[in-house]
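Notes for the structure review
These are the residues of each chain, in order.
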Amino acid sequence: DSSSLLAVSGVKNAVTVGFGDAGFSETRDAAATARRLGADLREIRISPEDYFSSLPQFVRRAELPLADTAAAAFAIGCERIAGEKTAYFSGEGADEFFAGYHVYARAEELSKRGGAWYFGCDGVLEPEAARRLLRQERCYPRDALVEGICNGDVLNHMLEVDITLWLEGDILFGVRRAARSCGMDLLLPFSDPRMFALSSRIPSALKRKGDCGKYILRRTAAAYLPEETAFRPKAGFPVPVREWMRQKPWRGEVEKRLFGDSSAAIFDRELLRQYWDAYCAGGWTEFRVVYAAYVFLVWYDTVFLETGPSGGSAAETCAKD
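This text gives an overview of the structure that appears in the document.

Turning to the pattern of salt bridges, a few remarks are in order. For the structure shown, the criterion picks out 17 salt bridges. One salt bridge connects Glu-84 with Arg-42, and the closest N-O pair in it is separated by 2.4 Å. Of this pair, Glu-84 sits in the loop between α4 (69-81) and β3 (87-89) while Arg-42 sits in strand β2 (residues 40-45), and the two are 42 residues apart along the sequence. Assessed through its relative accessible area of 44%, Glu-84 is described here as partly exposed. Across the pair Glu-79 and Arg-61 runs a salt bridge whose closest N-O atoms are separated by 3.2 Å. Taken as a pair, Glu-79 in helix α4 and Arg-61 in helix α3 (residues 48-62) lie far apart in primary sequence, 18 residues in all. Take Arg-61: its relative accessible area is 32%, and that puts it in the partly exposed class.

Here's what the structure looks like:
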């Protein structure tokens, strides 16, 4: 998506984010594309020190505990380039409008099960498990999240769920907060309402073809990008937080937050410990749970408990600002 924007916009300055780990960075591919298009590419490299130290400021600026690993990394990138230019292009929206996520390959499977149980591309816990972890008296049914969302075939139903809950509620919220807090204007062509109007008229068979997501976008991009670039496998914006949190010293720091005094007031810590131990043993689903709990506790401690520069709590400081 970013390669397409670079190609059609004529912009000659580009920025990419990397993490020093080839398995989690697209910097090599980004550099090759930039050279092909005659653009200068700047790499912003984020270390685990950068990431974890920036989280309190990120959640304070977001004004809610946004448990999205990519959103926090995007915010760091914005801070690094703040003041250099006034406006930047970014590619958010293409995956939700044109079926780019790998989960959409399950549309046929979902169609056989009615499709109604799809609640988004990045779920965390079943309602009963969430009730137990949060020590609530009753469950909050997730069906209400997708009530009234039903648009044609199963793939389009999935896309509409993700546009409503994921794109609007997470991605666009996070990137806009990050950009505005740094005084930059973020331009999102793929998220333009006119692009949505176009995508809503395109048959599902052209949005996803076999294992190829965003098929029609890729076919279009092949007119001005090399074929191997236009049809490069999707990588997303993977941030190696799942690996970092298992490593010293971050493992110990995260564990202190997860099982500190604030946690005792909110979570069933015995159950949270089970999720933590399973994550440390290699669990992926458990990572989502512990990361969401960790970010919530960073937000809670930062906004309500920690001392701000004026001597009051961070919440009081924000209110004065």
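Position of Thr-229 relative to the elements: it lies in helix α12 (residues 227-230). Setting aside anything within four residues of it in sequence, one finds Thr-229 in contact with Ser-3 and Thr-33.

Cut-offs and rules
- Residues numbered from 1 in each chain as written.
- Predicted model: local features only at pLDDT ≥ 70, side-chain atom pairs only at ≥ 80, totals over all residues.
- Heavy atoms only, no water.
- Salt bridge = Lys/Arg side-chain N within 4 Å of Asp/Glu carboxyl O.
- Helix = DSSP H or I, 4+ residues; strand = E, 2+ residues; numbered from the N terminus.
- Buried < 20%, exposed > 50% of the residue type's maximum accessible area, 1.4 Å probe, protein only.
- Contact = heavy atoms within 4.5 Å.

It is worth stressing that arrangement in space is one thing and function is another; only the former is reported here.
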